[in-house]
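What the coordinates show
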Amino acid sequence: MLDKLKQVEERFEETERLLSDPSIGSNPKEMQRLGKLRAELEPVVTVFRDYRSATEQLNEAKSLLDDPEMRPMAEEEIGSQREKMEELEGKLRAMLLPKDPNDDKNVVIEIRAGVGGEEAALFAANLFKMYSRYAERNGWKWELIEFEESAMGGASQITLGIEGKGAYSQLKHEMGVHRVQRVPATESSGRLHTSAASVVVLPEAEEVDININPDDLDWESFRASSAGGQHMQKNETAIRVVHRPTGIVVQCQDERSQAQNKYKAMKVLRAKLYERELHAQLAETAAARKTAVRSGDRSEKIRTYNWPQNRVTDHRIKLDINNLSGILDGDIQVFADALIADEQARLLAADDT
C-alpha cells in the first residue's frame, strides 16, 4: 500500500509542476484536465502525509523509551500515534479502492408501482417526492420525464432525472424493491396492507458513452394522457421510441413540445443502453459481480416503510430509522452514508482475500 501511495504522491507533485508551467497555461483543456486530476489526488496525498507524519512522531517517541524520565510520556505518545495511524490507514485503504467510473454522473430514476394496486401507485408517488426532495436538499436539479397518474392521484410509473455532482454515488443503492406497510386510503376496515414499488437507478450516459444508430429507432407520437400532460391533449406531443436491436421502449409526454419530449426520451434510452452494457461487462468477472450485487439487483427487497411504527428499515444493512415523515421528505442521507460505508467494507474484505 505504501508503494502505491508514494506513486500517487509523485503523480500529484508532477501535476502541480505542470499546472505551474507557462506552456500548459496556454492550453485551457489541458489545464482543466490537470486541475481535475489534482483535485482527485489531493485528498489521498493529504491523508498520506498525515500518516507519514504520525509514523515519524511514533519513531521519535520510541527513541525516548530508554530514558526513565521520558518513558511515561513516550509510552503515552506511542499509544496516541498508533491509534492515529490505524485510523489514517483505514481511510487510505478506502481511498485506494477502485472508484466506480459512474459515481460522478447524473442519474435517471424509474419508479414503478408493483404489488398492491392503487395503494402501490400512491406509494410510488411518495417515493417520487422523497427523491425529488433529496435532490433539492443537496442543491441538485431534477426534472420530471414521465408521470403516469393513477385513478387516486398516485402513479403507475414515474421517471425523473437528477443532475448533480456525485448523484449516482449517493443514489445507486436505492435500486430494488421498496415495501410499504400501512392502512390504505382504499381500505374501509382499517386492515394493514403491504404493497411495493420498484426503483431503478441508471447513470445518465452521454452521447460519447453510447452510440445509437438512428436507423435502429422507431418513433411514434401520440396524445398525452397523464395529468402532467393534460395541457397537450389536442396535439400529438407525446413521444414513444423503440430501440429495435434490444426491444427497449421509452416514452415521454411531460413536456409541451414534441422536440422536448424527444430529447428526454433519448436521454432515458441512452441510460438504459448504458446500463445494459455495464451489466454485460460486470457479468464477465466474478469480482465485479460481488461489488454489484447490492446495487444492481432490481428484484431485491431492500427497504420497508412501516407507517404504524413510524419506522424505515433497510434490510441489507439491518438499519432502522424511526423518522418516517423525515425520510419521505428526502432526509435519506443516513441511508446513503451507511450503504456507501457497507460497500467500502465489502470491497476491503474482498481485497484482503
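Report follows, based on the coordinates.

Calculation criteria
- Residues numbered from 1 in each chain as written.
- Predicted model: local features only at pLDDT ≥ 70, side-chain atom pairs only at ≥ 80, totals over all residues.
- Heavy atoms only, no water.
- Helix = DSSP H or I, 4+ residues; strand = E, 2+ residues; numbered from the N terminus.
- Expected span 1.5 Å × (residues − 1).
- Contact = heavy atoms within 4.5 Å.
- Buried < 20%, exposed > 50% of the residue type's maximum accessible area, 1.4 Å probe, protein only.
- Core = buried A, V, L, I, M, F, W, Y, C linked by side-chain atoms within 4.5 Å.

**Remarks on helix H3 (residues 28-62)**
- Helix length check: H3, at 35 residues, gives a terminal C-alpha distance of 50 Å against a target of 51 Å (1.5 Å per residue), a fit within 8%.
- The inward-facing, buried residues of H3 abut helix H1 (2-19), helix H2 (22-25) and helix H4 (71-95).

**Some remarks on the environment of Glu119**
- When you line up the elements, Glu119 lands in helix H5 (residues 117-137).
- Considering only alpha carbons, one finds Glu119 and Ala185, 66 residues apart in sequence, at a separation of 7.6 Å.

**Here's the deal with the side chain of Ser132**
- Along the chain, Ser132 falls in helix H5.
- Assessed through its relative accessible area of 6%, Ser132 is described here as buried.
- Apart from residues lying up to four places away in sequence, Ser132 is in contact with Trp142 and Leu160.

**Some words on the nonpolar core**
- Residues Ile109, Ile111, Leu127, Tyr131, Ile162, Leu171 and Tyr305 are the most contacted members of the largest nonpolar core, which totals 57 residues.
- In this structure Ile162 touches Asn106, Val107, Ile109, Tyr131, Ala135, Trp140, Lys141, Trp142, Ala167 and Leu171, once residues within four positions along its chain are discounted.
- Counting 17 residues, the second-largest nonpolar core is a separate cluster that includes Val44, Phe48, Met85 and Leu92.

Nothing here speaks to function; it is all geometry.
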